[in-house]
Amino acid sequence: MGQKCVHCGEDCGNYPVIWQNKAFCCNGCKTVYQLLNENQLYTYYEIEDNPGIKIQTEDFGNKYAYLDNEEIKEKIYDFSEGNFRKVTFYIPAIHCSSCIWLLENLNTLNKGITHSLVNFVKKEVSISFNEKEISLRQLVELLASIHYIPQITLEKIDKSKSKKSNKKLLLKIGVAGFAFGNTMLLSFPEYIKGSFGIEEKYEIVFGLLNFLFAIPVLFYSGSDYLLSAWKNLKHKIINIDLPIAIGMLAIFLQSTYEIFSRSGAGYMDSLTGFVFFLLVGKWYQSRTYQALSFDRDYKSYFPVAVTKLVNGKEESILLEKLQKGDTILVHNQELIPADAVLKKGTANIDYSFVTGESKPVQKKEGDMLYAGGRQIGSSIELEVQSKVEQSQLTKLWNQDDHTRQSKNLSTVIDKVSKYFTGTIISIAALTAIYWWISDASIIMKAFTAVLIVACPCALALSIPFTYGNMQRLLGKKGFYLKNPEVIERLAKIDTIVFDKTGTITQNNDFELSYTGTSLNKEEKIMLKSLCRHSTHPLSTAIYNSLEDFDFKEVNNYRELPARGLIGEFGTTVLKIGSAEFTKAEKTKNISGGSVVYISFNNAVKGMFVIKTKYRKGLKDLINRLSLNYELHLISGDNEREKENLLPLFKNEKLMHFNQSPQDKLNYIKNLQKEGKNVLMIGDGLNDAGALKASNTSISIADNVYHFSPACDAILDAREFNKLPTFLKWSNQTIKIIKMSFVFSLLYNLIGMYFALTGQLSPIVAAILMPLSSITIVVFVTVLTNWISVKEK
């Protein structure tokens, strides 16, 4: 036999393809190996010794030719702008961590694919790609070539898909149940025949009937287990379905031999009962999971608000209440919440949230704008064109989270699961050898029971259900997480950095005074019109302090972080912001509050002094957090409130003012270099860079107008004083997971003991297998619910 392919493990034959002294069976495997190494994706080869999937050179002919049709493509695309496309496929073959890993690294197989994200619960993969480099048809053919064949449907209603899937499972249960009842009836005489036995002709007929009943059970009802095991073995992967498939085949072959050799009655009743209870358990599991569902698209159900225009007046409504045909106002730096047409204004849309490319795209009135784009510049009016799906924003929010992944509890489970199946098969083989020597009549019973009863499913389910349920409970309390893994990151933090304005201060409760030359009506209209386009707390405070006017159109609007706003009204240039930005002289002896200067055509008119109040319960919150964490304060404002804050933060060296967005970012990075695990708490405006760079980040939201993609969580400002409690819940969640690990391990050890000693039948093992998973789910759900109730 020749050399084995480094990538897929197949025989390279007499003429291997050589690259860097490594042998490959074909150029396809060499290319994939090169791509993986170029992108430093070495994890791929840690899953299995030869995990590589060989790209088939199969010619699909015209099977997917319909995907070249422009009309069909437009119906399938989730997003289309320039050459960038986004699509979501339902792929039934997704079933394990290896599937997720490979599908989320599709860019290693084709550079035209920019990003892919798997929704394991729905068995869906969302793929972003450049149509100039890979077409939709080529993408589907690529997926089919690695045996992840998408089920393409133009129907967007997921219910029809799940109903069809459930109907198929119920049909399989019906076949298995019918066969189980009949084989039990036909096997009954064998159990009570006593010393007289039964007539030979009846024994032969009953045996043949049992054989006939078992065939559809094995090859139809149990087909999912057989196919899954076979497909994974072809790619040198051992998955949890393999021991089940071996157990089924072992019982069937042994029983078939006994029936046709007339050496026994076989165990066809055990086989049909085994498959029946496995499928019932599978159905019950799915029902349980749906009841405790924390679907990846909707689990972070944060109440994003949008500004709706009704008869020219602005109203704040929840995103979920937005309807097709509504007119909305999108301010500078705000996300477009739904697909819409530009009605009024100049749109410069930054689609980096969707595509990863930050170059703004200019749009004119009448152009379609897609959900997830961010407006750069003055406010724009849009008419909503499609049903609002908050899931799309949530999905986008999670899109770049893979860049933050580190070693966590999930990776531990993956490693355990990797060796679990191989170990169980080895134990089952040794058990069969032992009973072959000791008591051959128990071989089949013990062998199959060992294969079935030990299952890593309970172990694997403890993390997603614990995190998912806790995320749901936190959401109910006003703390909305980007994804469940944020809980683990929160449990690891040792340092908390607070921003000041809009974070520890209230945005809707302030004292505002104006000093300087009086403003005439025209100047007030220009000032209010300029502030209207900004969502910064200080701009909002000035906007709300002025009486209602008809707005004037702003030209060349710009918002400069930590500096101010600038806009043109004909020949008049209006600036509002810092003294440096407006060319004003800094005013001394103003205690407390923030100062905002205004200038018209570089002539300073005056200043607003805005005194904000600290959030309710701030003192108690700081005192509670200081017991377990090192606290820091960074602010873009001046030091006027330093004396008020010093009694809270106590250490002057940990308080920093006049910080630019870059200074905040550098501060976080310096803390991380010292080995700190940093939680940054801000409002997502001038601290977006710092939020993104920190280990974990929380954005405080008052009216929830802003949805900051840079943060990991959004905390409703009304629940700000409960932050210590939420961090405590995160730590307790990790403890629950560790308890569930012990619980699962004990189950497997006890079950294995009874299986090894031949005291456990395959049917009972088949009942216990799904029962263990359900028990773990109930265990972690009850405990996480108890934590939330206890804290009340």
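Note that the structure is a prediction, hence the values are computed from the model and not measured. (Residues numbered from 1 in each chain as written. Predicted model: local features only at pLDDT ≥ 70, side-chain atom pairs only at ≥ 80, totals over all residues. Heavy atoms only, no water.)

Chemist: Before we move on, can you summarise the overall build of the protein chain with the specific residues and values?
Modeler: Per the secondary structure count, the protein chain includes 25 helices and 28 strands. Of all 792 residues assigned to the protein chain, the portion counted as buried reaches 52%. Within the protein chain, contacts between residues separated by at least 24 positions form 67% of all contacts whose residues are at least 6 apart in sequence. Counting only carbon and sulfur atoms, one obtains 54% of the accessible surface of the protein chain, whose full area is about 37,300 Å². (Helix = DSSP H or I, 4+ residues; strand = E, 2+ residues; numbered from the N terminus. Buried < 20%, exposed > 50% of the residue type's maximum accessible area, 1.4 Å probe, protein only. Contact = heavy atoms within 4.5 Å. Areas by Shrake-Rupley, 256 points an atom, 1.4 Å probe, with all protein chains shown as cover.)

Chemist: Go over the sheet that holds strand β28 (residues 713-716) with me, naming the residues and quoting the values.
Modeler: The sheet built from seven strands is open, its strands ordered β16-β28-β27-β26-β17-β24-β25 with mixed pairing. Lying at the two open borders of the sheet, with one neighbouring strand each, are β16 (479-481) and β25 (655-656). When β16 meets β28, the two strands line up antiparallel, connected through three bridges. Note on β28: the bridge partner recorded for Phe 479 is Leu 715. Across the sheet, helix α20 (residues 618-625) lies against β17 (495-499) and β24 (630-634), angled at about 155° from β17, the strand it touches most. (Pairing = 2+ DSSP bridges. Axes fitted to C-alpha atoms, helices over the stretch in contact; angles between N-to-C directions.)

Chemist: Give me the lowdown on the sheet that holds strand β14 (residues 374-375), citing residues and values where you can.
Modeler: Taken together, three strands build an open sheet; the order of strands is β12-β11-β14 and the sheet is antiparallel. Two strands bound the open sheet, and with one partner strand each, they are β12 (361-363) and β14. Direction of pairing for strand β11 (residues 347-350) relative to β12: antiparallel, over a ladder of three bridges. Note that in β12 the partner of Ile 349 across the bridge is Val 361.

Chemist: How would you summarise the pattern of salt bridges if you had to cite specific residues and measurements?
Modeler: The final tally for this structure, using the stated rule, is 18 salt bridges. Taking the shortest distance from any N to any O, the salt bridge between Lys 73 and Glu 131 comes out at 3.2 Å. Taken together, the residues Lys 73 in helix α3 (residues 70-76) and Glu 131 in the loop between β6 (124-130) and α5 (136-145) connect sequence positions 58 residues apart. A relative accessible area of 7% means that Lys 73 is categorised as buried. Salt-bridge contacts for Glu 522 lead to Lys 552; the nearest nitrogen and oxygen are separated by 2.6 Å. Of this pair, Glu 522 sits in helix α17 (residues 521-532) while Lys 552 sits in the loop between α18 (537-545) and β19 (555-560), and the two are 30 residues apart along the sequence. Accessibility expressed as a relative area gives 38% for Glu 522, which makes it partly exposed. (Salt bridge = Lys/Arg side-chain N within 4 Å of Asp/Glu carboxyl O.)

Chemist: So what's going on with the packing of α20 against helix α24 (residues 723-756)? Which residues, and what values?
Modeler: Contact pair α20 / α24: the axes reach a minimum separation of 9 Å and the direction vectors enclose 30°. As judged from the angle between their axes, α20 and α24 are roughly parallel. Two secondary-structure elements touch here, α20 through Leu 621, Arg 624 and Leu 625 and α24 through Leu 723, Pro 724, Thr 725 and Leu 727. Class assignment of the residues belonging to the contact of α20 with α24 gives a composition of five nonpolar, one polar and one charged. (Parallel < 35°, antiparallel > 145°, perpendicular 65-115°, else oblique. Nonpolar A, V, L, I, M, F, W, Y, C, P; charged D, E, K, R; others polar.)

Chemist: Kindly report on the packing of α17 against α18, identifying the contributing residues and their values.
Modeler: Axis separation between α17 and α18 bottoms out at 9 Å; the angle between their running directions is 140°. With respect to α18, the axis of α17 lies oblique. Seen from above, α17 lies across α18 with left-handed handedness. For the pair formed by α17 and α18, the contact residues are Leu 527, Lys 528, Cys 531 and Arg 532 on the first element and Ser 539, Ile 542 and Tyr 543 on the second. Of the residues that constitute the contact of α17 with α18, the class distribution is four nonpolar, one polar and two charged. (Left-handed = near helix turned anticlockwise from the far one by under 90°.)

Chemist: How would you explain the confidence of the model for the protein chain if you had to name every residue and give the values?
Modeler: Regions with low pLDDT should not have their predicted coordinates read in detail. A residue-level look at the protein chain finds 78% of positions with pLDDT of 70 or above and a mean pLDDT of 78. When mean pLDDT is compared element by element in the protein chain, strand β21 (residues 572-577) scores highest at 93, while helix α2 (residues 44-47) scores lowest at 47. Scored below 50 in pLDDT, residues 291-303 shows 41 contacts in the model against residues more than four places distant or in partner chains. (pLDDT = per-residue confidence, 0-100.)

Chemist: Go over the pairing of strand β22 (residues 594-600), please, and point to the residues and values.
Modeler: Among the seven residues of β22, seven are classified as buried, and the element is accordingly described as predominantly covered. Of the two faces of β22, the one holding Ser 594, Val 596, Ile 598 and Phe 600 and the one holding Val 595, Tyr 597 and Ser 599 are both buried throughout. Here β21 runs beside β22; their pairing, made up of four bridges, is antiparallel. Counterpart to Lys 575 in the pairing with β22 is Ser 599. As paired strands, β22 and strand β23 (residues 603-614) are joined by seven bridges and run antiparallel to one another. The partner of Phe 600 across the bridge, within β23, is Ala 603. In this structure, the hairpin formed by β22 and β23 is closed by a connection of two residues, where Asn 601 is found at a positive phi of approximately 50°.

Chemist: Which residues make up α17, and what values go with them?
Modeler: Taking 1.5 Å of rise per residue, the twelve residues of α17 would be expected to cover 16 Å, and the 16 Å separating its terminal C-alpha atoms lies within 8% of that figure. Most of α17 is tucked away: nine of the twelve residues are buried. The complete set of buried residues in α17 reads Glu 523, Ile 525, Met 526, Leu 527, Lys 528, Ser 529, Leu 530, Cys 531 and Arg 532. Its side-chain oxygen placed 3.1 Å from the backbone nitrogen of Glu 522, Asn 520 serves as the N-cap of α17. (Expected span 1.5 Å × (residues − 1). Polar contact = N/O pair within 3.5 Å; in protein donor to acceptor, adjacent residues only side chain to side chain.)

Chemist: Which residues make up the packing of aromatic side chains, and what values go with them?
Modeler: Within the structure shown, the criterion is met by 15 aromatic pairs. Ring plane angle 75° and centroid distance 6.1 Å describe the contact between Phe 498 and Phe 649, whose orientation is recorded as edge-to-face. With Phe 498 in strand β17 and Phe 649 in helix α21 (residues 642-649), this pair connects stretches of sequence that are 151 residues apart. Ring plane angle 75° and centroid distance 5.3 Å describe the contact between Tyr 753 and Phe 754, whose orientation is recorded as edge-to-face. Note on Tyr 753: relative accessible area 48%, which makes it partly exposed. A relative accessible area of 34% places Phe 754 in the partly exposed class. Cluster of aromatic residues (ring-pair linked, three or more members): Phe 211, Phe 219, Phe 252 and Phe 260. Cation over ring: Lys 172 sits above Tyr 220, and NZ or CZ is 5.6 Å from the ring centre. (Phe/Tyr/Trp six-rings, centres within 6.5 Å; stacked < 30°, edge-to-face > 60°. Lys NZ or Arg CZ within 6 Å of the ring centre and 35° of its normal.)

Chemist: Help me get a handle on unusual backbone geometry, residues and values and all.
Modeler: Of note in the backbone geometry, Asn 556 takes a positive phi value of approximately 50° without being a glycine. For Asn 556, a relative accessible area of 51% puts it in the exposed group. Not every positive phi belongs to a glycine, and Asn 601 is a case in point at roughly 50°. Mapped onto the elements, Asn 601 comes out in the loop between β22 and β23.

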